[in-house]
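Below are the chains, spelled out letter by letter.
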Amino acid sequence: MAEVKLFKTWSTQFGARVVWALKLKGIQYEAIHEDLSNKSALLLQYNPVYKKVPVLVHNGKPISESLVILEYIEETWKQNPILPEDPLGKANARFWAKFNDEKLLPSIWSAFTKEGKEREEAMGAVLESLKFVEEELKGKKFFGGETIGLADLVFGWLANLAPVFEEVAGLKILDERYPLLLAWQPEFSEHPIIKDYWPPHDKLVIKYQALYEKYHPAK
Amino acid sequence: MEQVQLLGMWLSPYSYRVIWALQLKGIAYEYIEEDLSNKSPLLLQCNPVHKKIPVLIHSGKPICESSVILEYIEEIWPQNSLLPCDPYERAIARFWIKFADDKGPIVWKICGTRGEERQKVIEESLEMLKTIEEHGLGDKKFFGGDKISMVDIAFGGLAYWPGVIEKVLGRNLLEAHKFPRLHAWTKNFKEVPEIKENLPDFGRLLKRQT
């Protein structure tokens, strides 16, 4: 019988993407929780290059990097596709996934960890980036159209984690400047499959509060 | 007939990735060299988000980001396949293509840095090359086996840039005894006719760095 394991932590947004994809396709999996301060021998064996989560292991074969895992899931289990059939639509979804991971996320992390002018500039970059993301939602319920797609899973942190950044660091990410994104947030977070795996807000606040204090020690 | 255009720049290894893929599949295309200090209205219209090359324009529709373009090319023109059929092997290929995207660029930073910073960048580059040597390349001719694939194309810049960097630094970077697999791979890669006939001029690259 096919065996699917997923190495992750309770809070990882990259891991959440993979869980959501598996659940959308109705794939049973075993979650293996990693303590990143004490990584298991198995994780190090399965992901020797990055030593990170998430790692999907299917029939004993490991796959690392969340976007690579999502493409693998899509190709292996064809029900409830998260990518459109047409190559241009696929290219578009992949473009936005890359945009989130390579531009948006690093900017928000910079805004979270830095201070003063650097924080301001980073937030400026976030807000600029979000303008493009907002455009992409025009005329659509989800980034994937009528149903959740790859880009929704990748932008999922905007629904799960952005409110935490606001509470902990005072970073107002989604406001009235982005009406489409504001409308998308509850569509995504209240979707029955997504809702069923939702890193809890209160627990995330505690975690990120501690992280924030690490980067901004009281003087 | 379908129209294929490529907005590129001769200095960019990302631009060359697309050229190599199109050449390997025998796709006719119009190449448009962009002056990045004076970006064309076409580029800005086709890639408003990043304003970068390469951009592939297929029947009037733009596709941006070289690794996204490579996947698109593979899907539209499946001949001379650049990805394996098996989903797991495709995942391994995509892992390394992503590694080339995420970690590869450190090498391009060497020439632009000085002193302590340059030393740090060189060390990081060597670490990156070591990872490819130990985990990415087996003992076959190319990353995926005996045939050139998308992974080789993604790493293609490493087949010619280190030679330029070594001339600028006055020291070796990709030494054969330290990186035997990578060294052999650079030769195998550059011997593929479609690659050999489509490499930037070494002298011109060197002039640009010095």
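Residues numbered from 1 in each chain as written. Chains lettered and ligands numbered in written order. Predicted model: local features only at pLDDT ≥ 70, side-chain atom pairs only at ≥ 80, totals over all residues. Heavy atoms only, no water.

Quick word on the overall build of chain A
- When its secondary structure is counted, chain A shows 11 helices and four strands.
- The C-alpha atoms of chain A give 18 Å as radius of gyration, which agrees with the globular expectation for 219 residues (17 Å, within 12%).
- Its C-alpha atoms put chain A at 55 × 45 × 30 Å along the principal axes.
- Counting only residues that meet the buried cut, chain A has 54% of its 219 residues in that class.
- Residue pairs in contact within chain A that sit at least 24 positions apart in sequence constitute 71% of those at least 6 positions apart.
- Element-wise, carbon and sulfur atoms account for 54% of the exposed surface of chain A, whose accessible area totals about 10,300 Å².
- In chain A, 28 positive and 31 negative side-chain charges are present, and the distance between their average locations comes to 4 Å. (Helix = DSSP H or I, 4+ residues; strand = E, 2+ residues; numbered from the N terminus. Rg over C-alpha atoms; globule rule 2.2 N^0.38 Å. Buried < 20%, exposed > 50% of the residue type's maximum accessible area, 1.4 Å probe, protein only. Contact = heavy atoms within 4.5 Å. Areas by Shrake-Rupley, 256 points an atom, 1.4 Å probe, with all protein chains shown as cover. Lys, Arg positive; Asp, Glu negative; His and termini not counted. Charge placed at Lys NZ, Arg CZ, Asp CG, Glu CD.)

Digging into the side chain of Ser67(B)
- Within the fold, Ser67(B) resides in helix α3 (residues 66-76).
- Engagement of the side chain of Ser67(B) in a polar contact is seen with the side chain of Asp101(B), the distance being 2.8 Å.
- Look past the residues within four positions of Ser67(B) in its chain and what remains in contact with it is Lys98(A), Arg17(B), Ile97(B) and Asp101(B). (Polar contact = N/O pair within 3.5 Å; in protein donor to acceptor, adjacent residues only side chain to side chain.)

Section: the UniProt feature "domain: GST C-terminal" (unreviewed entry) in chain B
- Mapped onto this structure's residue numbering, the UniProt feature "domain: GST C-terminal" (unreviewed entry) falls at residues 86-210 of chain B.
- Secondary structure content for residues 86-210 of chain B is 61% helix and 0% strand, while the C-alpha to C-alpha distance between its ends is 45 Å. (UniProt positions renumbered as here; feature names shortened; annotations may be inferred.)

Re the domain arrangement of chain B
Residue and element names in this part refer to chain B.
- With domains assigned, chain B is organised as domain 1 (4-76) and domain 2 (87-198).
- Here the C-alpha centre of domain 2 lies 22 Å away from the C-alpha centre of domain 1.
- Taken together, the contact between domain 1 and domain 2 spans 15 residues of the former and 19 residues of the latter.
- Buried area between domain 1 and domain 2, summed over both chains or domains, comes out near 1,600 Å², and the portion from carbon and sulfur atoms is 63%.
- Contact with domain 2 buries area across many residues of domain 1, yet Arg17, Trp20 and Leu24 alone supply 41% of it, more than any other trio.
- One can count two salt bridges joining domain 1 with domain 2. (Domains from an automatic or database assignment. Buried area = accessible area lost by both parts, 1.4 Å probe. Salt bridge = Lys/Arg side-chain N within 4 Å of Asp/Glu carboxyl O.)

Examining helix α1 (residues 13-24) of chain A
Residue and element names in this part refer to chain A.
- Over its 12 residues, α1 extends 16 Å from the first C-alpha to the last, a length consistent with the 16 Å expected when each residue adds 1.5 Å.
- Counted residue by residue, α1 has 10 buried out of 12 residues, so it is predominantly covered.
- Of the residues making up α1, those classed as buried are Gln13, Gly15, Ala16, Arg17, Val18, Val19, Trp20, Ala21, Leu22 and Leu24.
- The N-terminus of α1 is capped by Thr12, whose side-chain oxygen sits 3.1 Å from the backbone nitrogen of Phe14.
- The first or second residue beyond α1 is Gly26, which carries a positive phi of 70°. (Expected span 1.5 Å × (residues − 1).)

Side note on the interface of chain A and chain B
- At the interface, 26 residues of chain A touch 28 residues of chain B.
- Here chain A and chain B share an interface that buries about 2,500 Å² over both sides, 70% of which is from carbon and sulfur atoms.
- Residue Arg90(B) pairs with Glu75(A) through a salt bridge whose shortest N-O separation is 2.9 Å.
- Taken together, the links from chain A to chain B amount to seven residue pairs in polar contact (both at pLDDT 80 or more).
- Elements with a contribution of two residues or more to the side of chain A that touches chain B: β4 (61-64), α3 (66-76) and α4 (87-113) of chain A.
- The greatest single-element share of the side of chain A that touches chain B, amounting to 11 residues, is contributed by α4(A).

Focus: the UniProt feature "domain: GST C-terminal" (unreviewed entry) in chain A
- In this structure's numbering, the residues bearing the UniProt feature "domain: GST C-terminal" (unreviewed entry) are residues 86-219 of chain A.
- In this annotation, residues 86-219 of chain A is assigned 72% helix and 0% strand; the end-to-end C-alpha distance for the span is 55 Å.

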